[in-house]
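Coordinate inspection notes
For reference, the chains in residue letters:
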Amino acid sequence: MTDTVTTPTPEPGGALTPAPGPGGVLAPIPEPGGAGPTPEPDDGTAPAAGGSTTAAADGGTAAVTDDGTAPAAGGSAAAVAGGSTTAVAGGGDAPAAGGSTTAVTGGSTAAVAGGGAAVAAGGGAAPPAAGPRRSYAKLAADESREDYSLRYAPHSFRRWSPGTVAGTALGGIAYLADFAIGASIVFTYGFGSGLASILTAATLIFLTGIPIARACATYGLDMDLITRGAGFGYFGSTLTSLIYASFTFIFFALEGSIMAQAMHQAVGLPVEIGYLVTTLIVIPIVFRGMGALAKVQAWTQPVWIVGMVLPFVVLAFEAPDAWGAFASFGGTEGAGAGFSWIGFGLGTGVALSLIAQIGEQADYLRFMPAKTRATRRRWNLAVLAAGPGWVVIGAAKQLGGAFLAFVALEAVGKTHALEPIAPQIEALKPWLGTFALPAAALFVIVSQVKINVTNAYSGSLSWSNFFSRVTHRHPGRVWYIFLNLAIALTLMEMNMFAALNKLLGFYSNVGIAWITAVAADLVINKRAGWSPPYIEFKRAYLYAVNPAGFGAMVIASAVSILAFFGVFGTYAQAFSTFIAAGLALVLCPLIAWATKGRYYLARPNTVNGPAAGAVDERATHTCAECETAYELPDIADCPVRSGPVCSLCCSLDATCGDACRKDPEAAGPVLMPVPTVPGAAPAA
């Protein structure tokens, strides 16, 4: 079967109308050196020069066959390449674009731009097309599984409604680590300090999450890509990829431990084997990507809601005085029920370890459809709920978990009271009797599957981002699932649950420095004009390291970790996370101001940045490397490839030497084809 390419007709003045290539991309026709349109000779042929492209033939049409070859009409030879066509007539020669030449019979030479094939008059045929310069492994190329793991999420992929995206994102916060964290804080520091710690941490997490959630939903980017453009630079965000990856496997291990405890209680399965089972059962779901995750979250939500609410309903009827007794609980470590500054600071540090959860919310928020006038209210509500809104539910779960543990303390003892399965069973016993155990076990297992598919999914994205920059290779997101789960399984077998407070308190110093620096850039630096008004994430336009965000995070983390280990005294140790947040909040704008925002952009983005003017983000360019069409926000103009390249091919290129950003003036301007606009009719 053949497609028909219509020969361009001369416009007034003899200029050729650009001819549409495959996919409807309109290719401009420059003169040699890119000066302007090529005039049509009197004999109706269009000589190719400097990579210019036209369709062939003496006023006729050139048929383009499925294998990419174009037989010439009227004895002319036509070259077909990378979505463009060049006519050669009357035995003339056409120099090759990009240095590729194909000799044909009949005395003619046809130019092949970008690896295309040419057929000449006289019956001679060129060799088959060489194909794209870069091709991806099957799993990496399948976006139904890959979910644009290293890329901007295109509008064409964001097919879910705001409510569906928000529901899926909130389904991921079903985890019971909140129960364990809340119980641990209150048991250690008492009710007064514990309550203040949980509420303060929730407030800080909510405030820093608002600008991040809106940026992720607006620009279709995950947390790593947002971090790149929000003050960290291309390689600077590599460190935060590791920080985020560590968050996902630490909490996978924590949630997996809770699930293994439930399996042990329910069926007597040894916890060591339970750790392995909890790890393996999430793999088939995470392997299939966002579509499978959305279905799992939707199907399990009714069970989770009933299991979450029922214990509190039972206690409201069976132990109505328990809340009053809980409010006077002094903890199990002798802290007392009153307020303690030391206890408040340390407890807040533990609760703030959850601040990086906004990254997992962002992994869903990037699929939020574009906001329109009609959906504006629903969009804003969905982003608020699915982004920072998770912590409202999270704080309630922490207090609820502490309450259930307090009620069960006398019956099960401190150790088991900190394991969510035991308090759940004790709360349900008055109504369910012997069925309390299987009911509680079902609730715990469903809850942990809901969160651990998210932990594993987000971890695979983060590891992909890290290794793609370090190794310039990308075998596919799904392979990094196994790396993340292997680390989590190791932590479970090492019984990390026993060192919960110390581990989370240490981690929160780094996590809050990172998140606060990003939020400061989005809220302060962009409004002050020190940071670009949009999020730039592509390697082609970024400095390797931006000292504004990266420097602020490193300094804040280093100082707060020293404080955490007691170098600056007891109070500084207790408030180390506040030190991290305060330093990051001040230093990020200060460094951006001092450097005048110099390290945000290595060169202007003329594809979809402010320098490009008003553009349709849904328009596409075909990548010169992988020959796949991507929307404009995922495209960079590459002087090395002399055309458009997608962000992933740009990231993986180990041979270009970063010529475009190390010396933009020497690299010169890149002549880009006209992008394909969805729904636009091809030019005549």
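Bear in mind that the values here come from a model prediction, so they are computed numbers and not experimental data. (Residues numbered from 1 in each chain as written. Predicted model: local features only at pLDDT ≥ 70, side-chain atom pairs only at ≥ 80, totals over all residues. Heavy atoms only, no water.)

1. Comments concerning the side chain of Thr454
With respect to the helices, strands and loops of the structure, Thr454 is situated in helix H16 (residues 436-471). What makes Thr454 buried here is its relative accessible area of 0%. Within polar-contact distance, the side chain of Thr454 engages the side chain of Tyr364 at 2.7 Å. (Helix = DSSP H or I, 4+ residues; strand = E, 2+ residues; numbered from the N terminus. Buried < 20%, exposed > 50% of the residue type's maximum accessible area, 1.4 Å probe, protein only. Polar contact = N/O pair within 3.5 Å; in protein donor to acceptor, adjacent residues only side chain to side chain.)

2. Focus: the pairing of strand S13 (residues 643-646)
Taken together, the 4 bridges between strand S12 (residues 635-638) and S13 define a ladder with antiparallel strand orientation. Paired with Ala636 across the two strands is Val645, which belongs to S13. Connecting S12 to the next strand, S13, in antiparallel fashion are 4 residues, including Ser642 with a positive phi near 55°. (Pairing = 2+ DSSP bridges.)

3. What to know about the confidence of the model for the protein chain
Of all residues in the protein chain, 77% have pLDDT values of 70 or greater, and the mean over the chain is 80. Low pLDDT, under 50, characterises residues 1-129; the stretch is placed with 231 contacts to residues that sit more than four places away or in other chains. (pLDDT = per-residue confidence, 0-100. Contact = heavy atoms within 4.5 Å.)

4. Side note on the packing of helix H4 (residues 177-219) against helix H12 (residues 357-365)
Interhelical geometry of H4 versus H12 gives an angle of 25° and a closest axis separation of 9 Å. Put simply, H4 runs roughly parallel to H12. Along this stretch, H4 crosses H12, giving a crossing that reads as right-handed. On H12, the residues that touch Gly209, Ile212, Ala213, Cys216 and Ala217 of H4 are Ile358, Ala362 and Leu365. Split by residue class, the contact of H4 with H12 holds 7 nonpolar, 1 polar and no charged. (Axes fitted to C-alpha atoms, helices over the stretch in contact; angles between N-to-C directions. Parallel < 35°, antiparallel > 145°, perpendicular 65-115°, else oblique. Left-handed = near helix turned anticlockwise from the far one by under 90°. Nonpolar A, V, L, I, M, F, W, Y, C, P; charged D, E, K, R; others polar.)

5. Let's talk about the packing of helix H3 (residues 162-171) against H12
It is the contact of H3 with H12, at a shortest axis distance of 9 Å, that shows an interaxial angle of 150°. Looking at the two axes, H3 sits roughly antiparallel to H12. Handedness of the H3/H12 crossing: right-handed. Taken together, the residues of H12 that come into contact with H3 (itself represented by Val165, Thr168, Ala169 and Leu170) are Gln361, Tyr364 and Leu365.

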